[in-house]
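Spelled out, the chains give:
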Amino acid sequence: MKTLIIKCLMALGLVLSVYSFNVQPVMAHGEKALEPFIRMRTIQFYDVEWDKQKFNVNEQVSVSGKFHVAEDWPVSVPKPEASFLNISTPGPVLIRTERYLNGKPFMNSVALQPGGDYTFKIVLKGRLPGRYHIHPFFNLKDAGQVMGPGVWLEIAGASANFTNSVKTINGELVDMETYGLSNGILWHIFWGVLATAWLLWWVRRPLFIARYRMLQAGMEDELVTLNDRLIGKSILIGVPVLVLAANMMTVNQYPNTIPLQASLDQILPLSAQVNAGVVDVETLKAEYRIPNRAMMFTLKINNRSDKQIQIGEFSTANVHFLNKELHVPSQVGSESMTAPEGLSMDNTAPIQPGEQRTMTITATDALWESEKLDGLVRDADSRIGGLLFFYDEHLGERFISSITAAVIPKFN
Ligand SMILES: [Cu+2]
């Protein structure tokens, strides 16, 4: 017996030690969970910048950037008719105070147009001190969350110093952290007590089988007593009277209120987006070489600008593949998602104004695998999408083209 116990303990110890070898801090929080074709062909964030990444409780911080809504929206994903721009945080560590789309403030969900470009800005305020990974992201109705690039934010200070006061339309200054809290708790407790009491009133008596037998014996009149009826009637009258009276009191106390808004905001994409359509790119072929972790595109490029241009970057699902020949500025805070030498091409000569060229570019990096984008080749929808960034010779002007293609996997 003793040896058996020792054996069991040893086995358990072995199991535990195996687990302890595998313990690693979990850094991700679901960014890669969505299918690759959704992450690459719905909302494509770019130029996302935080005005600061270290700040104090109560201090304002803002994130701004742009996104392109893919033309080649996946057929299995509902159209972005109701999309909500938000910030993903581990709990209420920040509060959102302002939000803009194309410079216009907006409160609700918004309908986005495939093919459109938008600028956004979200203003936040530090609430709980700590170090957090934060992303702007879009909640797409019936599709899920499409993450923007993540950064680490460090909030210093003490949570006790946090203040969140707003002035109401009546000119009253209220503390949003506690406003209406006791009233809310009171009503929850009241309804909870009333409902529990009503349940207990019936449950304390013999229930189903005993009552069923009485019913069978023709004694249904005795099942419901006079007291039962009296209490039932008083609740039937008392509850609506109470609700109406409370409602009247509230209306009297707060005559000017605005209902919670449930409409859709209508904000059109940036109309004549600067440079849109100036550089035409058609994808003739896309191949993914699994052992090399390399995506190869055959592109037909038509440079209709008056500049000589070069491809500087290919980006998809917040991963950036840069052309090392060109020193394009990498996006802020995205070091871990950038392959600085990831983009190569068969013809590095600049594309002349008016030139049409068919060329092959290859985006190679382990990020295809670590960001779980290579799962694309096992999806029922194996199309890829992304943004190509062209630059003129002085890196002064930038032309963006959205590309899309069906991907053919190469297994060796
Ligand atoms: Cu993150």
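Remember, predicted model here, so these are calculated numbers, not experimental data.

Chemist: Explain the overall build of the chain here, please?
Modeler: Of regular secondary structure, the chain possesses 7 helices and 20 strands. Against the compact-globule benchmark of 22 Å for 412 residues, the chain has a radius of gyration of 30 Å, which places it well outside the compact range. In terms of principal-axis extent, the alpha carbons of the chain reach across some 95 × 80 × 50 Å. Of all 412 residues assigned to the chain, the portion counted as buried reaches 27%. Considering only contacts in the chain between residues 6 or more positions apart, those separated by 24 or more positions represent 69%.

Chemist: Can you help me understand the sheet that holds strand β7 (residues 117-126) in this one?
Modeler: Taken together, the 5 strands give an open sheet; going across it, the order is β1-β3-β7-β5-β6, and neighbouring strands pair in antiparallel fashion. Each edge of the open sheet is held by one strand with a lone partner, namely β1 (43-50) and β6 (104-105). Strand direction decides the pairing type here: strand β5 (residues 94-101) and β6, joined by 2 bridges, are antiparallel. Residue pairing for β6: L101 is matched across the bridge by K104.

Chemist: Hey, could you run me through helix α6 (residues 226-253) in this one?
Modeler: For α6, spanning 28 residues, the distance from its first C-alpha to its last is 40 Å, which sits close to the expected 40 Å at 1.5 Å a residue. Along α6, only 0 of the 28 residues are buried, which leaves the element largely exposed.

Chemist: Looking at this model, I keep getting lost on unusual backbone geometry. Mind explaining?
Modeler: Across residues other than glycine, the phi torsion is negative in most instances, and most of the peptide bonds are trans. With phi around 70°, D142 is a residue other than glycine that occupies positive phi space. When you line up the elements, D142 lands in the loop between β8 (130-140) and β9 (144-147). When the 9 C-beta atoms within 10 Å are taken as the criterion, D142 is described as exposed. Non-glycine residue N318 carries a positive phi angle of around 70°. With respect to the helices and strands, N318 occurs in the loop between β15 (309-316) and β16 (319-323).

Chemist: Help me understand the environment of Q310 in this model?
Modeler: Of note, Q310 is situated in strand β15. Taking C-alpha positions, Q310 is 84 Å from Y212, a pair spaced 98 residues apart along the chain. Aside from chain neighbours lying at most four places away, what touches Q310 is L326, P350, I351, F390 and Y391.

Chemist: I'm lost on the environment of G312 in this one. Help?
Modeler: In this fold, G312 is placed in strand β15. By C-beta crowding, G312 is classed as buried, having 22 other C-beta atoms within 10 Å.

Chemist: Is there a simple way to think about the pairing of strand β20 (residues 398-410) in this case?
Modeler: Within a regular strand, side chains alternate between the sheet's two faces. Looking at chain direction, strand β13 (residues 279-289) and β20 are connected through 4 bridges and run parallel. Its bridge partner lying in β20, R289 is registered against K410. Where strand β19 (residues 383-392) and β20 come together, 9 bridges link them in antiparallel fashion. Bridge pairing in β20 places G385 opposite T404. Counting the residues between successive antiparallel strands, the hairpin from β19 to β20 contains 5 residues, one of them, L395, with a positive phi of roughly 55°.

Chemist: Which parts of the structure should I look at to understand the sheet that holds β16?
Modeler: Think of a sheet as strands paired side by side through backbone hydrogen bonds, with each pair either parallel or antiparallel. Pairing is mixed around the closed barrel formed by 8 strands, whose spatial order is β13-β14-β18-β17-β16-β15-β19-β20. Neighbour-to-neighbour, the strand axes of the sheet open up by a mean angle of 30°, direction not taken into account. Sheet analysis places β13 next to strand β14 (residues 294-303), joined by 10 bridges and oriented antiparallel. What sits directly across from D280, in β14, is N302.

Chemist: Mind showing me how you'd approach the nonpolar core here?
Modeler: A general trend in soluble globular proteins is that nonpolar side chains are found buried together. Counting 72 residues, the largest nonpolar core has V146 and F390 as the members making the most contacts within it. Looking at this core element by element, the count peaks at 6 residues for β19. Looking at this core, you find at least three residues from each of domain 1 (36-165) and domain 3 (279-410). If sequence neighbours within four positions are ignored, V146 has contacts with L34, I38, R39, T42, I43, F137, F138 and L140.

Chemist: Any chance you could explain the confidence of the model for the chain here in plain terms?
Modeler: Detailed reading of the predicted model is not advised wherever pLDDT is low. In the predicted model, the chain carries a mean pLDDT of 88, and the fraction of residues at 70 or more is 90%. pLDDT under 50 marks residues 14-21. Its contacts with residues more than four places away, or in other chains, come to 0 contacts.

Chemist: Looking at this model, I keep getting lost on the pairing of β7. Mind explaining?
Modeler: Among the 10 residues of β7, 7 are classified as buried, and the element is accordingly described as predominantly covered. As judged from the 9 bridges shared by strand β3 (residues 60-69) and β7, these two strands associate in the antiparallel manner. Bridge pairing in β7 places S64 opposite K121. The pairing of β5 with β7 spans 7 bridges and is antiparallel. Bridging from a neighbouring strand, L101 pairs with F120 of β7.

About the criteria used
- Residues numbered from 1 in each chain as written.
- Predicted model: local features only at pLDDT ≥ 70, side-chain atom pairs only at ≥ 80, totals over all residues.
- Helix = DSSP H or I, 4+ residues; strand = E, 2+ residues; numbered from the N terminus.
- Rg over C-alpha atoms; globule rule 2.2 N^0.38 Å.
- Buried ≥ 20, exposed ≤ 12 C-beta atoms within 10 Å, placed from the backbone.
- Contact = placed C-beta atoms within 7 Å.
- Pairing = 2+ DSSP bridges.
- Expected span 1.5 Å × (residues − 1).
- Axes fitted to C-alpha atoms, helices over the stretch in contact; angles between N-to-C directions.
- Core = buried A, V, L, I, M, F, W, Y, C linked by C-beta atoms within 7 Å.
- Domains from an automatic or database assignment.
- pLDDT = per-residue confidence, 0-100.

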